[in-house]
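Single-letter residue listing:
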Amino acid sequence: MERVHDVLHFPFARSTPGIARTKLAGFLTKNHVASSRIDDALIVLSEMLTNAVSHGRPSDDGTIEVTWSIAKGLLEISVRDHGEGNELEPIDFDNDSLSGRGLSIISQITDRWWVDVNGGTRVNAELSLDEAGRA
């Protein structure tokens, strides 16, 4: 399968994760991704966007950039805001924690994830599209 991708700009708003999940679900369905992998991808995207909107900054035009692509059996998702991200690490949490779970969830679901802090903060994640390849 050749590489397919989208680059989208969404409003820097709390409603953005829901809007972006709908767009990603359509993209993945169109590209015949298994529903269990779609569910995982939607969770990852939601956590990435919620963190960006909660802790980042919008671009000059008030948006946040989201990209996703499929190549060689991998889905890569990227969320870029214009904040100055420091070292982003998952934190330990317990079942009563009301926040702070995002990066831990991303870490558990994805095959790998990383952060690029050049020109803002870009959080990237990769998920195998093979149902057996769940991290």
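S.K.: What should I look at first to understand the packing of helix α1 (residues 16-30) against helix α2 (residues 35-55) in this one?
M.R.: The relative placement of two packed helices comes down to the angle between their axes together with the axis-to-axis distance. Between α1 and α2, whose axes approach to 9 Å, the crossing angle comes to 150°. Judged by the angle between their axes, α1 and α2 are roughly antiparallel. The chirality of how α1 crosses α2 is right-handed. Of the residues in α2, those in contact with Thr16, Pro17, Ala20, Arg21, Leu24, Ala25, Leu28 and Thr29 of α1 are Ile38, Ala41, Leu42, Leu45, Ser46, Leu49 and Thr50. Considering only residue class, the contact of α1 with α2 consists of 10 nonpolar, four polar and one charged.

S.K.: Before we go on, may I ask you to explain the nonpolar core in this structure?
M.R.: Generally speaking, nonpolar side chains in soluble globular proteins are found buried as a group. Within the largest apolar cluster, 30 residues are counted, with the highest numbers of intra-cluster contacts made by Leu24, Leu28, Leu45, Leu75 and Ile77. With eight residues, the top contributor of residues to this core is α2. What leucine 45 contacts, discounting residues up to four positions off in sequence, is Ala20, Arg21, Leu24, Val66, Trp68, Ile77 and Val79.

Definitions and limits used
Residues numbered from 1 in each chain as written. Predicted model: local features only at pLDDT ≥ 70, side-chain atom pairs only at ≥ 80, totals over all residues. Heavy atoms only, no water. Axes fitted to C-alpha atoms, helices over the stretch in contact; angles between N-to-C directions. Helix = DSSP H or I, 4+ residues; strand = E, 2+ residues; numbered from the N terminus. Parallel < 35°, antiparallel > 145°, perpendicular 65-115°, else oblique. Left-handed = near helix turned anticlockwise from the far one by under 90°. Contact = heavy atoms within 4.5 Å. Nonpolar A, V, L, I, M, F, W, Y, C, P; charged D, E, K, R; others polar. Core = buried A, V, L, I, M, F, W, Y, C linked by side-chain atoms within 4.5 Å. Buried < 20%, exposed > 50% of the residue type's maximum accessible area, 1.4 Å probe, protein only.

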